[in-house]
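Structural characterization, general
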Amino acid sequence: MIERLLYPRLVESLRRFPVAALLGPRQVGKTTLARRLAASHSFPVVYLDLERPSDVAKLGEAELYLQTHADKLVILDEIQCKPELFPVLRALVDSDRRAGRFLLLGSASPQLSRQAAESLAGRIVYLELTPFLLDELGGDRTVAQRLWFRGGFPGSFLAESEDAASEWRQAFIRTYLERDIPQLGIRIPAAALRRFWEMLAHSHGQLWNASKIATSLGVSAPTVRHYLDILQETYIARVIEPYHANLKKRLVKSPKVYVRDSGLLYSLLRLSQPDDLFGHPALGASWEGWVIEQVLALAPGTWRHSFYRTAAGAEIDLLLEPPGNQPPIALEIKFTAEPKPSKGFWSALSDVGSTQGYVVCPCEESYPLGHGVATLPVGQIDSLFEGT
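Residues numbered from 1 in each chain as written. Predicted model: local features only at pLDDT ≥ 70, side-chain atom pairs only at ≥ 80, totals over all residues. Heavy atoms only, no water.

This paragraph deals with the sheet that holds strand β9 (residues 304-309). Reading across the sheet, the six strands line up as β9-β10-β11-β12-β14-β13 and stay open at both edges, with mixed pairing between neighbours. The open sheet is flanked by β9 and β13 (368-370), the only strands paired with a single partner. Within this sheet the neighbouring strands show an average axis-to-axis angle of 30°, counted without direction. With two bridges joining them, β13 and strand β14 (residues 373-377) adopt antiparallel strand pairing. (Pairing = 2+ DSSP bridges. Helix = DSSP H or I, 4+ residues; strand = E, 2+ residues; numbered from the N terminus. Axes fitted to C-alpha atoms, helices over the stretch in contact; angles between N-to-C directions.)

Moving on: helix α5 (residues 85-95). Residues of α5 that are buried: Leu85, Phe86, Leu89, Leu92 and Val93. An end-on view of α5 places all buried positions within 125° of arc, on one side of the element. (Buried < 20%, exposed > 50% of the residue type's maximum accessible area, 1.4 Å probe, protein only. Arc of directions from axis to C-beta.)

What follows deals with the pattern of salt bridges. Under the defined criterion, the tally for this structure stands at 27 salt bridges. Close ionic contact of Glu364 with Arg141 constitutes a salt bridge, the shortest N to O distance being 3.0 Å. You can see Glu364 sitting in the loop between β12 (356-361) and β13 and its partner Arg141 sitting in helix α8 (residues 141-150), a full 223 residues away along the chain. Its relative accessible area of 58% is what places Glu364 among the exposed residues. Judged by relative accessible area, which is 43%, Arg141 ranks as partly exposed. With its nearest N and O atoms 3.1 Å apart, the salt bridge here joins Arg194 to Glu198. Of the two residues, Arg194 and Glu198 both sit in helix α11 (residues 190-202), four residues apart, roughly one turn of that helix. Among the charged side chains, a network of salt bridges with common partners joins Arg26, Glu51, Glu78, Arg179 and Asp180. (Salt bridge = Lys/Arg side-chain N within 4 Å of Asp/Glu carboxyl O.)

One can find Ser262 in helix α14 (residues 262-268). Overall, Ser262 belongs to the buried group, its relative accessible area being 4%. With near-sequence residues (within four places) excluded, Ser262 lies in contact with Leu147, Trp148, Phe149, Gly151 and Trp290. (Contact = heavy atoms within 4.5 Å.)

A word on the sheet that holds strand β1 (residues 19-23). The five strands are arranged β2-β3-β4-β1-β5 in an open sheet whose pairing can be described as parallel. The sheet terminates laterally at β2 (45-49) and β5 (124-128), the two strands that pair on one side only. The average undirected angle you get between the axes of adjacent strands in this sheet is 15°. In this structure, strand β3 (residues 73-77) lies alongside strand β4 (residues 102-106), joined through four bridges in parallel fashion.

Attention now goes to the nonpolar core. Counting 91 residues, the largest nonpolar core has Leu103, Phe196, Trp197, Leu320 and Leu384 as its most contacted members. Ranked by the residues each element gives to this core, the list is headed by helix α16 (residues 283-298), at seven residues. In contact with Leu384, other than residues within four places in its own chain, are Val295, Trp303, Leu320, Ile329, Leu331, Tyr358 and Leu376. Counting residues in hydrophobic clusters, the runner-up holds 23 residues, among them Leu85, Phe86, Leu89 and Leu92. (Core = buried A, V, L, I, M, F, W, Y, C linked by side-chain atoms within 4.5 Å.)

Looking now at helix α2 (residues 30-40). Lys30, Leu33, Ala34 and Leu37 are the residues of α2 that are buried. Buried residues in α2, looked at end-on, bunch into an arc of 100°, giving them a common side. Packed against the buried residues of α2 are α1 (7-16), β1, β3 and β4.

If you walk through the whole model with that rule in mind, you get 17 aromatic pairs. Measuring from ring centre to ring centre gives 6.3 Å for Phe196 and Trp208, while their planes differ by 75°; the resulting arrangement is edge-to-face. Taken as a pair, Phe196 in helix α11 and Trp208 in the loop between β6 (206-207) and α12 (210-217) lie far apart in primary sequence, twelve residues in all. Assessed through its relative accessible area of 0%, Phe196 is described here as buried. Assessed through its relative accessible area of 10%, Trp208 is described here as buried. Residues Phe345 and Trp346 carry aromatic rings whose centres are separated by 6.4 Å and whose planes lie at 65° to one another, so their mutual orientation is edge-to-face. Among the residues examined, Phe345 registers a relative accessible area of 0% and is labelled buried. Its relative accessible area of 29% is what places Trp346 among the partly exposed residues. One aromatic cluster in this structure is built from Trp148, Phe278, Trp287, Trp290 and Phe335. (Phe/Tyr/Trp six-rings, centres within 6.5 Å; stacked < 30°, edge-to-face > 60°.)

Take the side chain of Arg260 next. As for its position among the elements, Arg260 is in the loop between β8 (256-259) and α14. Relative accessible area serves as the criterion here: at 13%, Arg260 is assigned to the buried category. A polar contact of 2.6 Å, which involves the side chain of Arg260, links it to the side chain of Glu128. When neighbours within four sequence positions are excluded, Arg260 is seen to be in contact with Glu128, Thr130, Tyr235, Ile236, Ala237, Arg238 and Glu293. (Polar contact = N/O pair within 3.5 Å; in protein donor to acceptor, adjacent residues only side chain to side chain.)

What follows deals with unusual backbone geometry. The bulk of non-glycine residues show a negative phi, and the bulk of peptide bonds are trans. Of note in this structure, Gln27 is not a glycine but carries a positive phi near 65°. With respect to the helices and strands, Gln27 occurs in the loop between β1 and α2. One non-glycine residue, Glu78, adopts positive backbone phi at about 60°. The topology assignment puts Glu78 in the loop between β3 and α5.

Below, the structure is given as structure tokens:
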């Protein structure tokens, strides 16, 4: 059992809220984590898989069935399959608001499952389970390289060989397109969404250009934005917005887009072995996206994040803003053994008023680079948030 960093927060959430929702992409380990919780829970637990017909049948009269288990923690897996349950859960919670009544597992964001957001507002806490993180696996270089190439989905990371890992990821992509998306009620041809997903992989780490992608696919710009929203709300893509402030600079206004899991990125780029990545044009962008996922998974929920870029070339790959009036932390992300901040990075630090900057790289130790900037080994990312 790999200890998931989210587990203590999940336990604490069920002590404070009537409903907790554990969200994340398919096959990321939500059910495993929920079963571990059930095994250690001091009260009786009922587990229902809403993709299993026998469990769905039990909910034919959902309110009556769940009332008979009012003294238990009820775990509802794949809750997006039965959105009509949300009003029932609201009524049951309103009649008894004690903590730890329901744990919902799902593969879609509250924005996609709007009924959940509306029905359970004020009664639910949302937690996102990501693929494996470096902090959960140990921070040595060998593990980091394996995690970077295979990605963090357990089925890929723990596979017996690179070929087996690649085969798992290809199967995941097919299942996502052919089963998971239709199950959410989204009517998009699998072939069209796959072409968009592959184009997104080739745009990984770049500014979003809806018109360019729309022209290539032969659809409208609003249509490709809809495709992007679907991938974002099912935890497949990440969109990072540009930094906005009242600066006398011409700031880039388009967001940057990423495929969140590095292993899926390489499969979409048709890279099957680690050596295929070195020398590939996507090398630097893939490292950037992977590091960003490691950072944002550890960042407190009260922190904001963005990127900064001006028309003149000043740029910060990831800007982390603590709550209050504290100055932001600036990250430049480079895949190099001899990191040197770019001229644009130094200029950007002054623009945003940052006094603390790092170059995140595959180095072994942290050392100063001058003017409040230091290198940061990827295995020490958690130090960014010490004391928060």
